[in-house]
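Structural features, examined
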Amino acid sequence: MTSEASPGNHGARWGPLHILARAQAGGCRSGMLRRRTPEEDSAVLIDLATGTEKGDCYGSTASSSQLDGYPVATCRVGSPAKPRTDFVLVWEEDLRPGQQQDHATLDKADTHRAWREAFLDNLREAGLHVDQRHVQDEDSTLHYVLLSAPWAVLCYYAEDLRLKLPLQELPNQACNWSASLLQGLGLPNILLEDVPNVPPEYYSCQFRVNKLSRFLGSDDQDTFFTCTNRHQILFEILAKTPYGHDKKSLFGVDQLLSQGVFKAAFPLHEGPFTLPPEGLQSPGLNPRQVLFRHWARWRKWYKYQPLDHVRGYFGEKVAFYFAWLGFYTGWLLPAAVVGTLVFLVGVSMVFSDTPTQELCRSTDSFEMCPLCLDCPFWLLSSACPLVQAGRLFDHGGTVFFSVFMALWAVLLLEYWKRKSATLAYRWGCSDYEDIEERPRPQFAALAPTTARNPITGEEEPYFPKRSRVRRVLAGSVLVLVMVAVVVMCLVSIILYRAIMAILVSRSDNIFLAAWASRIASLTGSVVNLIFILILSKIYVSLARVLTRWEMHRTQTRFEDAFTLKVFIFQFVNFYSSPIYIAFFKGRFVGYPGNYHTLFGVRNEECAAGGCLIELAQELLVIMVGKQIINNVQEILIPKLKSWWQKFRLRSKKRKVGASAAAGQAPWEADYELLPCEGLFDEYLEMVLQFGFVTIFVAACPLAPLFALLNNWVEIRLDARKFVCERRRPVAERAQDVGIWFPILAGIAHLAVISNALLLAFSSDFLPRAFYRWTRAGDLRGFVNFTLARAPPAFAAEHNRTCRYRAFRDDDGHYSRTHWNLLAIRLAFVIVFEHVVFSIGRVLDLLVPDIPESVEIKVKREYYLAKQALAENEALFGTNRAKDSQPPASEESLGPQPRRPEAGWASPVPSL
């Protein structure tokens, strides 16, 4: 094994500074569009050929002065500063001779090499220190590119990216409502744990170089910018650095990764996660070890999450996900307790319910009509176990629980808005999407025109709104096509259930014949789950391509559009079968002698226990089955992939006689980890679970309990994944959970209507109440009340009479009772949803979206920011000229960094 480093001055010499010119004010009026010319993409406007003498430290100069606010990083003679590694690029070179005979492979390798060299050269011109190392065996070479940014580059891009940095420290005021409640009651809080190195709160404002001295910690260049700040700056440069012509989309590290030019690009973890040998009391744990010790261990399942530490290490986007997951899981606890009590009430009613006892003791009193054309007559008493199981979920307590869960969902979302606003302020991202977020590099490069920003007056990339609308509409057509595919799969499953029920009912086995409908329903649920998982994989890839084509301006809008597409599909995919069982199955059956058919197959009927028990079964199979499959995938598949990655890389070392663990560099250890795959799948899993818990909760009161148990595992499983098993993700900023919150609000509203319809049309609650009010208060004779007699023609044809579940007269027409019940059901739906929506609206008005204490802090921060930045210059639009040209003097800065934006260099405020 050999490990070589490139010469130390690989990035010490600054090349030409390529900065695209901002459109001249005299050439275009505000609001007018002009087409961008290809010459703009490669124009060299400023050439700073200043270099450093041999032996000088990167980024240092002979002078310690500051011009235009950019401070200087100086090096002491004889002890040159060693740049820290901020980012790592990796590629593997195959040295096997068999590959050299393939001309196509050789041409591809030459193209990749040219792209790679151009990319690295442009990174050096952008001001980054590039250090190359490699590990070689007889078959391949593993190349590592270690990137670091000097002080001048960090300051330049921190202002360009509008990073918020601290002005004044505040005492940390993080707290949980449960902690405050227990403290007020004087009770011990077992959820609370002291986590070391708690990040303090700050008043902060957007960074300005010429006001550097007013920011906290500005005298220490090593710690002034946090690791997440450095990673954000490095990724901004990597995302916009070209390696070919911009118009061909030859820019950015993402394209190079997709083309296989680089195998990986990631920031380094801050040391190992394993605790030191001296044990848990060891001082000086690195941030990763702190997270592992107090967050990512299974034994911490009942402790509060250290969200400030998570945010400090992984960024706001990851921290918001875990904040939402923990908040939602905490609120599931009261829902699970109430749901379990409602279920226990159902258990107690199974053997005391009068109609259930009548049915089970009816023996041969109720002979039922055949379930299919060639099926035999059957006794209602044979369905006793199914009816008893149905009573577990279908009773008066279900109505109370449905109202409770509807209000629970409203309060959950209202208090999450308060929590989200508090976290957004504490983490300095309250106005990120409105002011600070920049355009996506792909949008900036591919936008065909430019237009003046009406707020700043600056010219920026622009994609016509009409063109985007047309693309969105075209993409919507494809979404509808995929939804139609899901509906077709649902119809096929319906036919499968009907055919399977017929086949099983013809069996000679009495037990199988009696349970034919249940067996068909259960196997249909499993088949439906398989269809769901397969179609999900196909559609997600299609949605990603469509969203790229729609040309959304910012990353937040891009992610929101992608999320909405996938959720619409997944909603239909996961909920179509439960919706069919809840609202359509058994509604269009007909009656004996006049049965309705679908493609020649008789429509499905609800089983003897009713469709509610079938809906509960469907929910448990899909919801719990999906959770089990996801958890198994998250545990086993990453372990297998990680084992193979480590085995493959360490075998290279063993081939050259080196120990796999001896002298392993941090970048080598991190490359053995699996790449971070983002948070989309995690959010989607939780939102779909929220839908199961709320939309169909009337059919399964145990759904919150299963969700709670799953989420307790999910929090620590995801924590271990981020801390121990995955490479460190780039710290992305976020203002909230994005479009997921409007989706959750839509689900909560849909849940009210869904549960009202379930209770009115699928439950026996209203027929029982009607019978109690009009016939018998003790419900004796209720079973006979719900059964109709077969028409005389059907009885004469079979020479026997039979019963079926419906409110019809002897001729098969709907009876007066049916219409009375229909009126009661419709009235119940209207009253239920109006009452719940009214109470929810009152709660919405009573609970402020932003706590008063946070509003006061926001105003205080605004005041401090104005005082810090307002000397002889406007608060907004400060130092505009600096955005389009480098500082006036380079003596104090050394060479200035090139802004390697693909097709656009000037910062573009959000509209």
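Residues numbered from 1 in each chain as written. Predicted model: local features only at pLDDT ≥ 70, side-chain atom pairs only at ≥ 80, totals over all residues. Heavy atoms only, no water.

The helix and strand tally for the protein stands at 28 helices and 18 strands. Counting the 911 residues in the protein, one finds 54% classified as buried. Long-range contacts, defined here as pairs at least 24 residues apart, represent 79% of the contacts in the protein between residues at least 6 apart. (Helix = DSSP H or I, 4+ residues; strand = E, 2+ residues; numbered from the N terminus. Buried < 20%, exposed > 50% of the residue type's maximum accessible area, 1.4 Å probe, protein only. Contact = heavy atoms within 4.5 Å.)

To continue, consider the packing of helix H6 (residues 287-294) against helix H7 (residues 307-314). Packing of H6 against H7 leaves a shortest axis separation of 10 Å and a crossing angle of 145°. Handedness of the crossing formed by H6 with H7: left-handed. Note on element contacts: H7 touches H6 through His-309, Val-310, Tyr-313 and Phe-314, opposite Pro-287, Arg-288, Val-290 and Leu-291. Of the residues in the contact of H6 with H7, the class split is six nonpolar, one polar and one charged. (Axes fitted to C-alpha atoms, helices over the stretch in contact; angles between N-to-C directions. Left-handed = near helix turned anticlockwise from the far one by under 90°. Nonpolar A, V, L, I, M, F, W, Y, C, P; charged D, E, K, R; others polar.)

Along strand E11 (residues 449-452), one buried face is formed by Thr-449 and Ala-451 and the opposite face, lined by Thr-450 and Arg-452, is buried too. Inspection of the sheet shows E11 paired to strand E12 (residues 459-462) by four bridges, in the antiparallel sense. When the bridges of E12 are listed, Thr-449 appears paired with Tyr-462. (Pairing = 2+ DSSP bridges.)

Before going further, it helps to examine the state of the cysteines. A full pass over the atoms with the stated rule returns two disulfides. Between the sulfur atoms of Cys-360 and its disulfide partner Cys-384 the distance amounts to 1.9 Å. Measuring handedness by torsion sign, the sulfur bridge of Cys-360 and Cys-384 sits at about 85° and is right-handed. You can see Cys-360 sitting in helix H9 (residues 354-360) and its partner Cys-384 sitting in helix H10 (residues 384-391), a full 24 residues away along the chain. Given a relative accessible area of 22%, Cys-360 falls into the partly exposed group. The residue that forms a disulfide with Cys-369 is Cys-802, at a sulfur-sulfur distance of 1.9 Å. One quick way to see it: the torsion about the S-S bond of Cys-369 and Cys-802 is about 85°, and its sign makes the bridge right-handed. On the criterion of sequence distance, the pair formed by Cys-369 in the loop between strand E9 (367-368) and strand E10 (378-379) and Cys-802 in the loop between helix H25 (792-798) and strand E18 (803-805) is long-range, its members being 433 residues apart. (Disulfide = S-S within 2.5 Å.)

Core analysis: the biggest nonpolar cluster contains 118 residues, and Phe-314, Phe-320, Trp-324, Tyr-328, Trp-408 and Leu-615 have the highest contact counts within it. When residues in this core are grouped by element, the largest group, 18 residues, is from helix H8 (residues 316-350). Core analysis: the next-biggest nonpolar cluster, separate from the first, contains 48 residues, Leu-120, Leu-167, Phe-225 and Tyr-425 among them. (Core = buried A, V, L, I, M, F, W, Y, C linked by side-chain atoms within 4.5 Å.)

Following the criterion strictly, the structure yields 47 aromatic pairs and no others. Centroid distance Trp-115 to Tyr-243: 5.3 Å. Interplanar angle 55°. Geometry classified as tilted. One end of the pair, Trp-115, is in helix H1 (residues 103-125); the other, Tyr-243, is in the loop between helix H4 (227-240) and helix H5 (253-259), with 128 residues separating them in the sequence. Judged by relative accessible area, which is 6%, Tyr-243 ranks as buried. When the centroid spacing of 5.4 Å and the interplanar angle of 55° are considered together, the rings of Trp-151 and Phe-225 count as tilted. Taken together, the residues Trp-151 in helix H2 (residues 151-160) and Phe-225 in the loop between strand E7 (201-206) and H4 connect sequence positions 74 residues apart. Just as Trp-151 is buried, Phe-225 falls in that class too. Each member of the aromatic cluster is reached from another via a ring pair, and the members are Trp-295, Tyr-313, Phe-314, Tyr-321, Phe-322, Phe-562, Phe-680, Tyr-683, Phe-722 and Trp-740. For Arg-728, the ring lying beneath its charged end belongs to Tyr-313, and the centroid distance is 3.8 Å. (Phe/Tyr/Trp six-rings, centres within 6.5 Å; stacked < 30°, edge-to-face > 60°. Lys NZ or Arg CZ within 6 Å of the ring centre and 35° of its normal.)

Two numbers describe how helix H17 (residues 555-583) lies on helix H22 (residues 740-762): the axes approach to 13 Å, and their chain directions differ by 10°. Relative to H22, the element H17 lies roughly parallel. Between H17 and H22, the contacting residues are Thr-563, Phe-567, Phe-571, Ala-582 and Phe-583 on the first element and Trp-740, Ile-743, Ile-747, Leu-750, Ser-754, Leu-757, Leu-758 and Ser-762 on the second. Tallied by class, the residues present in the contact of H17 with H22 amount to 10 nonpolar, three polar and no charged. (Parallel < 35°, antiparallel > 145°, perpendicular 65-115°, else oblique.)

For the rest of this paragraph, the subject is the confidence of the model for the protein. Of the residues in the protein, 78% reach a pLDDT of 70 or more, and the chain-wide mean stands at 76. With pLDDT under 50 throughout, residues 1-81 is counted as low confidence; its partners more than four residues away or in other chains account for 181 contacts. Every residue in residues 872-911 scores below 50 in pLDDT, and together they form 153 contacts with partners more than four places removed in sequence or on other chains. (pLDDT = per-residue confidence, 0-100.)

Below, the discussion takes up unusual backbone geometry. Unlike most non-glycine residues, Arg-162 shows phi in positive territory, near 60°. Within the secondary structure, Arg-162 sits in the loop between H2 and strand E6 (164-170). You can call Arg-162 buried: its relative accessible area is 12%. The backbone of Asn-799 sits at a positive phi, close to 60°, despite the residue not being glycine.

Now for the pattern of salt bridges. Taken as a whole and judged by the stated rule, the model has 26 salt bridges. Here Asp-86 and Arg-84 are joined by a salt bridge, their closest N and O atoms 4.0 Å apart. The buried category is assigned to Asp-86, whose relative accessible area is 2%. With a closest N to O distance of 2.6 Å, Glu-193 and Lys-300 form a salt bridge. Placement of Glu-193 in the loop between helix H3 (177-185) and E7 and of Lys-300 in the loop between H6 and H7 is noted, with a sequence separation of 107 residues between them. A relative accessible area of 22% places Glu-193 in the partly exposed class. Given a relative accessible area of 13%, Lys-300 falls into the buried group. What you see here is one network of salt bridges that share partners, running through Glu-414, Lys-417, Arg-841, Asp-844 and Asp-849. (Salt bridge = Lys/Arg side-chain N within 4 Å of Asp/Glu carboxyl O.)

We now examine the pairing of strand E5 (residues 140-148). Taking burial as the measure, the nine residues of E5 include nine buried ones, the bulk of the element. Along E5, one buried face is formed by Ser-140, Leu-142, Tyr-144, Leu-146 and Ser-148 and the opposite face, lined by Thr-141, His-143, Val-145 and Leu-147, is buried too. In the sheet, strand E4 (residues 129-136) pairs with E5 via eight bridges, with the strands oriented antiparallel. Across the sheet, Val-130 pairs through a bridge with Leu-147, a residue of E5.

This paragraph deals with H8. Spacing of three or four residues puts side chains on the same side of an α-helix, whose turn is 3.6 residues. For H8, with 35 residues, the first-to-last C-alpha span of 50 Å sits near the 51 Å given by 1.5 Å per residue. At Leu-333, H8 shows its maximal kink, close to 25°; a proline, Pro-334, follows between one and four residues later. (Expected span 1.5 Å × (residues − 1). Bend = angle between axes of the 7 residues up to and from the residue.)

Where nonpolar side chains cluster on the molecular surface, the patch consists of Leu-333, Val-337, Leu-341, Leu-344 and Val-347 and spans about 420 Å² of accessible area. With respect to the helices and strands, Leu-333 occurs in helix H8. Residue Leu-333 is classed as partly exposed on the basis of its relative accessible area, which comes to 42%. (Patch = residues over 30% accessible without salt bridge, like charges linked within 9 Å, V, L, I, M, F, W, Y side chains within 5 Å. Areas by Shrake-Rupley, 256 points an atom, 1.4 Å probe, with all protein chains shown as cover.)

With that settled, consider the environment of Gly-691. You can see Gly-691 is positioned in helix H20 (residues 680-695). Note on Gly-691: relative accessible area 0%, which makes it buried. Through-space distance from the C-alpha of Gly-691 to that of Met-623 is 9.9 Å; in sequence the pair is 68 residues apart. Discounting chain neighbours no more than four positions away, the residues touching Gly-691 are Tyr-575, Phe-696 and Ile-747.

We now examine the environment of Leu-750. Relative to the elements of secondary structure, Leu-750 occurs in helix H22. Residue classification places Leu-750 among the partly exposed residues on the basis of a relative accessible area of 35%. Along the backbone, Leu-750 and Gly-691 are 59 residues apart, and their C-alpha atoms lie at a distance of 9.1 Å. For Leu-750, the residues in contact, after removing those within four places along its chain, are Phe-571 and Ile-695.

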